[in-house]
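# Per-entry structural report
Residues per chain are reported as follows:
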Amino acid sequence: MNRQQGKFIGSFPTYGYLKDPEDHHKLIVDPETAPVVQMIFEKFIRGRSILGIAKDLNDMGLPNPSAYKKLKGMNYQHASKNPDGLWPDSSVRRILQNEMYTGKMVQGKNRVISYKDQVCRPCPKEEWFVVEGTHEAIIDTETFYTV
């Protein structure tokens, strides 16, 4: 029901957002990371490659999403091949493909197949829960679809 109503039910918000302290089912823009998300989209539109953007972010010394969560004291565990906090191209690609940045709540992309092994599998797009206008957009829809 919460997913259908566009309420956030995850443990950790998408990079660029924070959980609203007054309502943990609502997302608000993170003033520290939202400009990084906007910069990633701007660089890509200007013709910079995904690998080039990751290199730029690393040269700027910005922590990747996993490292940022740990810096903020969140109990986040990720089996990362990059424990040093560097940006992999996969993180940049994931940001560029995430419709959450347009103000849509997108949930249910993955499903745990069995409670015994806790392995997640991707769900078909038709089964995702997508609700528009649930939070402030960081990227306008036109820019997102241009990318």
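So, here is what we can say about the structure in this document. It should be emphasised that the depicted structure is a prediction, and the values quoted were computed from it without experimental measurement. Here the residue numbering is sequential within each chain, running from 1 through the sequence in written order. Side-chain atom pairs in this predicted model are given and counted only at pLDDT of 80 or more, local residue features only at pLDDT of at least 70, and totals for whole chains, interfaces and linings cover all residues. The side-chain numbers reported here are obtained from all heavy atoms of the structure, hydrogens and water having been left aside.

### Let's talk about the pattern of salt bridges
Once the charged atoms of two side chains with opposite charge are near each other, the side chains can pair. In the sections that follow, a salt bridge refers to a side-chain nitrogen of Lys or Arg positioned within 4 Å of a carboxyl oxygen of Asp or Glu. Counted by the stated rule, this structure contains seven salt bridges. Between E99 and K104 there is a salt bridge, with its nearest N and O atoms 2.8 Å apart. Relative accessibility decides the category of a residue: with a 1.4 Å probe and only protein chains considered, values under 20% of the type maximum give buried, values over 50% give exposed, and everything between is partly exposed. The exposure class assigned to E99 is buried, which follows from its relative accessible area of 11%.

### Things to note about helix 1 (residues 34-45)
Each helix corresponds to a stretch of at least 4 residues labelled H or I by DSSP, and each strand to a stretch of at least 2 residues labelled E; elements are numbered beginning at the N terminus. Any helix carries an expected span of 1.5 Å times its number of residues minus one. With 12 residues, helix 1 extends 17 Å from end C-alpha to end C-alpha; this agrees with the ideal 16 Å at 1.5 Å per step. Listed as buried for helix 1 are A34, V36, V37, M39, I40 and F41. Turning to helix 1, the residues buried within the fold contact strand 2 (23-29), helix 2 (50-59), helix 4 (89-96) and helix 5 (141-146). Where helix 1 ends, the next residue or the one after it, G47, has phi of about 105°, a positive value. Residues count as neighbours in contact if any of their non-hydrogen atoms are within 4.5 Å of one another.

### Notes on the side chain of Q107
Structurally, Q107 can be placed in strand 3 (residues 105-107). Of the polar contacts made by the side chain of Q107, one reaches the backbone oxygen of K7; its length is 2.9 Å. Side-chain polar atoms of Q107 contact the backbone nitrogen of I9, separated by 3.1 Å. If sequence neighbours within four positions are ignored, Q107 has contacts with R3, K7, F8, I9, G10, W128 and F129. Polar contacts, as used here, are pairs of N or O atoms within 3.5 Å; protein pairs need one atom able to donate a hydrogen and one able to accept it. Residues neighboring in sequence count only if both atoms are side-chain atoms.

### So, helix 2
Buried residues of helix 2: I50, G52, I53, A54, D56 and L57, and no others. Residues of helix 2 that are buried in the fold lie against helix 1 and helix 4. Following helix 2 by one or two positions, G61 has its phi on the positive side, about 75°.

### Some details on the environment of R111
Positionally, R111 belongs in strand 4 (residues 110-112). Distance from R111 to D30, taken between C-alpha atoms, is 27 Å for residues 81 residues apart in sequence. Contacts of R111, omitting those with residues within four sequence positions, involve V119, C120, R121, C123 and E127. In terms of polar contacts, R111 uses its side chain to reach the side chain of E127, at 3.2 Å.

### Brief notes about the packing of helix 2 against helix 4
In this analysis an axis means a line fitted to C-alpha atoms, helices contributing only their contacting stretch, and an angle means the value between N-to-C directions, from 0 to 180 degrees. It is the contact of helix 2 with helix 4, at a shortest axis distance of 8 Å, that shows an interaxial angle of 110°. The angle between the axes of helix 2 and helix 4 places the two elements in the roughly perpendicular class. Note that helix 2 runs across helix 4; the crossing there is right-handed. Side by side, helix 2 and helix 4 meet where I50, L51, I53, A54 and L57 of the first sit next to D89, V92, R93 and L96 of the second. Each residue receives one of three labels: charged for Asp, Glu, Lys and Arg, nonpolar for Ala, Val, Leu, Ile, Met, Phe, Trp, Tyr, Cys and Pro, and polar for the others, Gly being one of them. Taken together, the residues of the contact of helix 2 with helix 4 sort by class into seven nonpolar, no polar and two charged. Note that the term roughly parallel is reserved for angles under 35 degrees, roughly antiparallel for angles over 145, roughly perpendicular for angles of 65 to 115, and oblique for everything else. Should the near helix be turned counterclockwise from the far one by less than a right angle, the crossing is left-handed, whereas a clockwise turn marks it as right-handed.

### Focus on the packing of aromatic side chains
The criterion for an aromatic pair is that two Phe, Tyr or Trp rings (for Trp, the six-membered ring) have centres within 6.5 Å, with stacked assigned to planes under 30 degrees apart, edge-to-face to planes over 60 apart and tilted to the rest. Tallied over the full model, the rule gives six aromatic pairs. Aromatic pair Y15 and Y68: ring centres 6.0 Å apart, planes at 85°, arrangement edge-to-face. Of this pair, Y15 sits in the segment before strand 1 (17-20) while Y68 sits in helix 3 (residues 65-71), placing them 53 residues apart in sequence. Residue classification places Y15 among the buried positions, given a relative accessible area of 8%. Note on Y68: relative accessible area 10%, which makes it buried. Ring geometry for F41 against Y101: centres 6.3 Å apart, planes inclined by 70°, an arrangement best described as edge-to-face. With F41 in helix 1 and Y101 in the loop between helix 4 and strand 3, the pair connects residues that are 60 residues apart, well separated along the chain. On the basis of relative accessible area, F41 is assigned to the buried category, the value being 1%. A relative accessible area of 1% means that Y101 is categorised as buried. Ring pairs connect the aromatic residues Y17, F41, Y101, F144 and Y145, which therefore count as one cluster.

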